[in-house]
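# Coordinates in review
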Amino acid sequence: MSADVHSLVGAYAVDAIDEQERAAFERHLAECPECRAEVASLVEAGAHLSLVSEAVPPPGMRAAVLAGIRTVRPLPPLEQPEAGGRGLQDDDAPDPDAPAARIPVVIDDDPEPAPDAPAPDLPANVVPLRRRRRPVAEWLVGAAAAVALIAGGIAWSPWDNGPAKAPVSASEQVLEAPDAQRVVKNIGDAKVTIVRSASLHKAVVVADNMAAAPTGKDYQFWFDQPGKGMVNAGVMPHGSASTLTVMLEGDASTASAAGVTLEPAGGSTAPTSAPLALFSFS
C-alpha cells in the first residue's frame, strides 16, 4: 500500500490497483474532494480519448517498462547548510589539518537486508543514507497510468499480464452509446436501422439483406438539417455481405431526420428521386 494514498489517483482511474489498495483508496475518496475531482477528471478524459484511434503496443514494450522500473534511480538528496551557517563561499579553502568531510552515500534497500545483517564496511567519512525503492516504483506506475490515458491505450498496461483488448471501432462506439437512438425501416425485403448518438454527433446505418443497387446507381443517405434541407450523409458502399454497417458523414446530432434515395453512381449533391425511406429522430 502506498504511503501517500493521493498518489493512487491515476492508477485507480485506469483500474490498475489491487483489491486491498482499491478498498483503502475508496475509503480515502469519501473524505477527499480533491482526489474525487481528479479521478472524475481522469475518467472523463479517458472517455473522450477512447474515441482516438488506438494501436496495439509493440511486443517488447511491457518488458522494456518493467526493466526500466528496476534500473531508474533518483538523484541523492542535496546537503543543506547548517542553520546559521553562511554556506560555501568562493574564497573558502580546505584546511589541511581539518578532518575529512563526511560524504553521504545512498545505500539501496532492494532487496531488504535481514534485520541482523551487518552494516557494510564504509570509510569513516562516509554517512550511509538508506533509501527505499518502493516510492520510485509507485511514481512510475502513476506515470504509466497517465501515459495510458493520454495515448488512449487503456486496453493495455505494463502491469496487465492478460492479452490486449481489441480496440473499439467508431461504429461500435455509436452502437453502444448510452444515448443511442434506433429507428428501423423496411426497404423491400431489407431491414435498415439507423442508430444515432447525439453525444457523439454521429449516426450508423445497419442494413440487413439489402439488395445491391441497380447498375449505374447507388444508395445515398441524407440528413435533414434545420434551415438547410437534405444534406449529403454518404453513399452506401457495394458489398456482398448480408449485413452492412456504415458510418454516416456529417453532424447527426443536429439532424431532425435521415433519408435514403437511389442516385446515379457516385452520388448526387441533392436528392434526385423520391426517398426509399425516411427515419425521423423526433
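Scoring rules and cut-offs
- Residues numbered from 1 in each chain as written.
- Predicted model: local features only at pLDDT ≥ 70, side-chain atom pairs only at ≥ 80, totals over all residues.
- Heavy atoms only, no water.
- Buried < 20%, exposed > 50% of the residue type's maximum accessible area, 1.4 Å probe, protein only.
- Helix = DSSP H or I, 4+ residues; strand = E, 2+ residues; numbered from the N terminus.
- Polar contact = N/O pair within 3.5 Å; in protein donor to acceptor, adjacent residues only side chain to side chain.
- Pairing = 2+ DSSP bridges.
- Axes fitted to C-alpha atoms, helices over the stretch in contact; angles between N-to-C directions.
- Salt bridge = Lys/Arg side-chain N within 4 Å of Asp/Glu carboxyl O.
- Phe/Tyr/Trp six-rings, centres within 6.5 Å; stacked < 30°, edge-to-face > 60°.
- Disulfide = S-S within 2.5 Å.
- pLDDT = per-residue confidence, 0-100.
- Contact = heavy atoms within 4.5 Å.

Okay, helix α2 (residues 19-29) next. An α-helical turn contains 3.6 residues, so any two residues separated by three or four positions project in the same direction. Buried within α2 are the following residues: Glu21, Arg22, Ala24, Phe25, His28 and Leu29. Measuring from the backbone nitrogen of glutamine 20 back to the side-chain oxygen at the start of α2 gives 3.2 Å, which picks out aspartate 18 as the cap.

Reading across from one edge, β7-β6-β9-β10 is the order of the four strands in this open sheet, with antiparallel pairing throughout. Each end of this open sheet is capped by a strand with a single partner; those strands are β7 (229-235) and β10 (277-280). In this sheet, adjacent strand axes meet at a mean angle of 30° when their direction is disregarded. Where strand β6 (residues 217-225) lies against strand β9 (residues 257-264), eight bridges are found, and the strand directions are antiparallel. Note that in β9 the partner of tyrosine 219 across the bridge is leucine 262.

Okay, the pattern of salt bridges next. Scanning the model with the defined rule gives one salt bridge in all. Arginine 22 is paired through a salt bridge with aspartate 15; the nearest N and O atoms lie 2.1 Å apart.

This part takes up the packing of aromatic side chains. Taken as a whole, this structure holds one aromatic pair when the rule is applied. Ring plane angle 45° and centroid distance 4.9 Å describe the contact between tyrosine 12 and phenylalanine 25, whose orientation is recorded as tilted. With tyrosine 12 in helix α1 (residues 9-13) and phenylalanine 25 in helix α2, this pair connects stretches of sequence that are 13 residues apart. Here tyrosine 12 matches phenylalanine 25 in class, with each residue buried.

Here we take up the pairing of β6. A large share of β6 lies buried, amounting to seven of its nine residues. Summarising the sheet, β6 and β7 pair through six bridges and their orientation is antiparallel. Each residue of the ladder has a partner; that of glutamine 225, found in β7, is glycine 229. Counting the residues in the hairpin turn of β6 and β7 gives three residues, including glycine 227, whose phi is positive at 80°.

So, about the state of the cysteines. Enumeration over the complete set of coordinates arrives at zero disulfides. Here cysteine 32 is not cross-linked by a disulfide; its sulfur's nearest cysteine counterpart is in cysteine 35, at 3.5 Å. By relative accessible area, cysteine 32 is classed as buried at 6%.

On to unusual backbone geometry. Positive phi outside glycine occurs at aspartate 15, with the angle close to 60°. Looking at the secondary structure, you find aspartate 15 in the loop between α1 and α2.

On to the sheet that holds strand β4 (residues 190-197). Adjacent strands of a sheet form backbone hydrogen bonds with each other and so pair up, either parallel or antiparallel. In spatial order, the strands read β3-β4-β5-β8; together these four strands make up an open sheet with antiparallel pairing. Strands at the two margins of the open sheet, each flanked by one partner only, are β3 (181-187) and β8 (243-247). In this sheet, adjacent strand axes meet at a mean angle of 15° when their direction is disregarded. For strand β5 (residues 202-208) and β8, the ladder comprises five bridges, and the chain directions are antiparallel. Among the inter-strand pairings, valine 204 is bridged to a residue of β8, identified as methionine 247.

When pLDDT is averaged across the protein chain, the result is 75; 61% of the residues are at 70 or more. In this model residues 105-110 is a low-confidence stretch, pLDDT under 50, and it forms 22 contacts with partners more than four residues away in sequence or in other chains.

Before going further, it helps to spend a moment on the environment of alanine 203. Checked against the element boundaries, alanine 203 lands in strand β5. Residues alanine 203 and glycine 250 lie 47 residues apart in sequence; the distance between their C-alpha atoms is 8.7 Å.

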